[in-house]
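The residues making up each chain are set out below.
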Amino acid sequence: MPGIRGPSEYSQEPSRDPCLKVNAKEPFNAEPPRSALVSSYVTPVHLFYKRNHGPIPIVDHIESYSVSVTGLIDNPTKLFIKDIRSLPKYNVTATLQCAGNRRTAMSKVRNVRGVGWDVSALGNAVWGGAKLADVLELLGIPKLTSSTVLGGRHVEFVSVDRCKEENGGPYKASIPLSQATNPDADVLLAYEMNGEILNRDHGFPLRVVVPGVIGARSVKWLDSINILAEECQGFFMQKDYKMFPPSVNWDNIDWSSRRPQMDFPVQSAICSLEDVQMVKPGKVSIKGYAVSGGGRGIERVDISMDGGKSWVEASRTQKPGEHYISEHNSSDKWAWVLFEATVDVSQSTEVIAKAVDSAANVQPENVESVWNLRGVLNTSWHRVLLRLGHSNL
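As recorded in an unreviewed UniProt entry, the protein chain goes by the name Sulfite oxidase, listed as coming from Raphanus sativus. Annotation of the protein chain in UniProt includes, under Cofactor (unreviewed entry), the sentence "Mo-molybdopterin".

Structure (structure tokens):
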């Protein structure tokens, strides 16, 4: 498309922080060390996980860049970046999480297919841009609309990003029109991240941010928006990112039997400790994150040192210096909370974290119960093993 192009090879990739744990080089997929992840409420851009499906698109002429809006609407059009910027700007603090976060733990139960993410395939950022509801209203689709006059019920986002799963075609995904036109859903066409212009890895010059939903629906390097009668038929909507039971394997899978995953379930992970950590006897600080999809707050994070027989409640924070109350007006409903608890360690033991969200959803106890062949949505209790020994902790 004019102004931006998707390269066919990887010779012009942007530079990345050397501390990132690289899970794949071509396409580039990487996450930060877990200890760095919760060092601040807002994740620095250079530490935000990177999930790509092809070479990073290159912008040649930002003035020529536009997004076409087509489909079941009365007035198909092209929107230039200046048109998007002319609309009211909103800053939305939201956590994006790959559906495959914590896949490595699931792969230890049985083999799964996918990028080997640890616990850091997520990040929390302040996204700046125009609300999609305002953009669509500009084109004649009123707010809080579930269907256009011509029968459009879904909004498809098509990327410049080319991927092998689409046989060299573009990455794409969709959300319901009712969500896209709801101002309270805070879906953005974002051009800023943490107060700065988006960088290439994270979608420059324009990306979609769908808060509370798995990261696969927040399409980067936006090329076009299509209003459709049915949900997107792309690979990553129809043949990936769906939740199957442990009994389904690659021989009996029926992709059409499940709907595309949207909201992510309640999740937590310990980040101050590795999976096996040497510690000295005494006080040990347990820190990590908890987050739930759909705008649900975190009601509680519990820590156990005895296999789940007894629990202590961790403290929860969001903005530094402010008391966190789940689903209160002062809280960021789309963002993670950081938790902390201090425990007394006198012997080698397993530490467990589990979160409960504002709808009383709780993480399942065992990874075996949520195992699936793609290794997505591992939201089981997070466990780390503490061994007594010499340590700086």
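Peer 1: Would you take a moment to explain the nonpolar core for this structure?
Peer 2: Generally speaking, a soluble globular protein has its nonpolar side chains buried in company with each other. Ranked by size, the top nonpolar core spans 61 residues in total, and within it Leu132, Ile225 and Tyr289 carry the most contacts. Taken domain by domain, this core gets at least three of its residues from each of domain 1 (4-239) and domain 2 (267-388). Leu273, Tyr324, Ala355 and Leu386 belong to the second largest nonpolar core, which has 22 residues in total.

Peer 1: Explanation requested: the sheet that holds strand 6 (residues 66-71) in the structure shown.
Peer 2: Either a parallel or an antiparallel arrangement is found when strands of a sheet pair, and the pairing is made through backbone hydrogen bonds. Taken in spatial order, the five strands line up as 7-6-15-10-11 in an open sheet, and their pairing is mixed. On the outer flanks of this sheet lie strand 7 (77-80) and strand 11 (170-176), each paired with one strand and no other. With direction set aside, neighbouring strand axes in the sheet form an average angle of 20°. The pairing of strand 10 (residues 154-162) with strand 11 spans six bridges and is classified as antiparallel. Across the sheet, residue Phe157 finds its bridge partner in strand 11, namely Ala173.

Peer 1: What's the story with the packing of aromatic side chains in this structure? I'm lost.
Peer 2: To describe a pair of aromatic rings, you give the distance between the ring centres and the angle between the ring planes. The tally for this structure, following the rule as stated, stands at 10 aromatic pairs. Ring centres 6.0 Å apart and planes at 90° place the aromatic pair Tyr49 and Trp117 in the edge-to-face group. Of the two residues, Tyr49 is situated in the loop between helix 1 (34-37) and strand 4 (50-51) and Trp117 in the loop between helix 3 (103-107) and strand 9 (122-131); the sequence distance between them amounts to 68 residues. A single burial state applies to Tyr49 and to Trp117, both of which are buried. Arranged with centres 5.1 Å apart and planes meeting at 75°, the rings of Phe235 and Phe236 form a pair that is edge-to-face. Joined through ring pairs, the aromatic side chains of Phe48, Tyr49, Trp117 and Trp127 make up one cluster. Lying over the aromatic face of Trp371, Arg110 brings its terminal NZ or CZ to 3.7 Å of the ring centre. Here the basic side chain of Lys131 rests over the ring of Tyr90, its NZ or CZ set 4.5 Å away from the ring centre.

Peer 1: Mind showing me how you'd approach the pattern of salt bridges here?
Peer 2: Should their charged atoms come close, side chains of opposite charge can pair. Under the counting rule described, the total for this entry stands at 20 salt bridges. Of the charged contacts, one joins Asp275 and Lys108 as a salt bridge, the two residues approaching to 4.0 Å between their closest N and O atoms. Of this pair, Asp275 sits in the loop between strand 16 (267-270) and strand 17 (276-279) while Lys108 sits in the loop between helix 3 and strand 9, and the two are 167 residues apart along the sequence. Notably, a salt bridge pairs Arg259 with Glu231, separated by 3.8 Å at the nearest N-O pair. With Arg259 in the loop between helix 6 (235-238) and strand 16 and Glu231 in the loop between strand 15 (222-228) and helix 6, the pair connects residues that are 28 residues apart, well separated along the chain. By relative accessible area, Arg259 is classed as exposed at 64%. We classify Glu231 as buried; its relative accessible area is 17%. Linked through salt bridges whose partners overlap, the residues forming this network are Arg34, Lys108, Asp118, Glu274 and Asp275.

Peer 1: I keep staring at the UniProt feature "domain: Oxidoreductase molybdopterin-binding" (unreviewed entry) in the protein chain and nothing clicks. Help me out?
Peer 2: When the UniProt feature table is mapped onto this chain numbering, "domain: Oxidoreductase molybdopterin-binding" (unreviewed entry) sits at residues 53-235. In the segment residues 53-235, helix accounts for 13% and strand for 36%; the C-alpha atoms at its two ends are 12 Å apart.

Peer 1: Please explain unusual backbone geometry as it appears in this structure.
Peer 2: One can expect most non-glycine residues to show negative phi and most peptide bonds to be in trans. Here the bond from Glu26 into Pro27 is cis, since omega is 0°, no more than 30 degrees from zero. Take Pro27: it is sitting in the loop between strand 2 (21-25) and strand 3 (28-31). Even without being a glycine, Leu144 presents a positive backbone phi close to 60°. Since its relative accessible area comes to 65%, Leu144 is described here as exposed. Its identity as a non-glycine residue notwithstanding, Trp221 has a phi of 50°, on the positive side.

Peer 1: In this structure, what is going on with the domain arrangement of the protein chain? I would like to understand it.
Peer 2: Interfaces are frequently sized by the accessible area removed from exposure as the parts join. Each assigned domain of the protein chain is listed with its residue range as follows: domain 1 (4-239) and domain 2 (267-388). A C-alpha centroid distance of 27 Å is found between domain 1 and domain 2. The interface is formed by 37 residues belonging to domain 1 together with 38 residues belonging to domain 2. Of the roughly 2,900 Å² buried at the junction of domain 1 and domain 2 (both faces included), carbon and sulfur atoms supply 57%. Counting across the interface, domain 1 meets domain 2 through three salt bridges.

Peer 1: When you look at the environment of Pro2 in this model, what are you seeing that I'm missing?
Peer 2: Relative to the elements of secondary structure, Pro2 occurs in the segment before strand 1 (4-5). Taking relative accessible area as the criterion, Pro2 reaches 47% and is therefore assigned partly exposed. Distance in space between the C-alpha atoms of Pro2 and Ala30 is 29 Å, their sequence separation being 28 residues. Setting aside residues up to four positions removed in sequence, Pro2 forms contacts with Ser64, Tyr65 and Ser66.

The rules behind each value
Residues numbered from 1 in each chain as written. Predicted model: local features only at pLDDT ≥ 70, side-chain atom pairs only at ≥ 80, totals over all residues. Heavy atoms only, no water. UniProt positions renumbered as here; feature names shortened; annotations may be inferred. Core = buried A, V, L, I, M, F, W, Y, C linked by side-chain atoms within 4.5 Å. Buried < 20%, exposed > 50% of the residue type's maximum accessible area, 1.4 Å probe, protein only. Domains from an automatic or database assignment. Pairing = 2+ DSSP bridges. Helix = DSSP H or I, 4+ residues; strand = E, 2+ residues; numbered from the N terminus. Axes fitted to C-alpha atoms, helices over the stretch in contact; angles between N-to-C directions. Phe/Tyr/Trp six-rings, centres within 6.5 Å; stacked < 30°, edge-to-face > 60°. Lys NZ or Arg CZ within 6 Å of the ring centre and 35° of its normal. Salt bridge = Lys/Arg side-chain N within 4 Å of Asp/Glu carboxyl O. Contact = heavy atoms within 4.5 Å. Buried area = accessible area lost by both parts, 1.4 Å probe.

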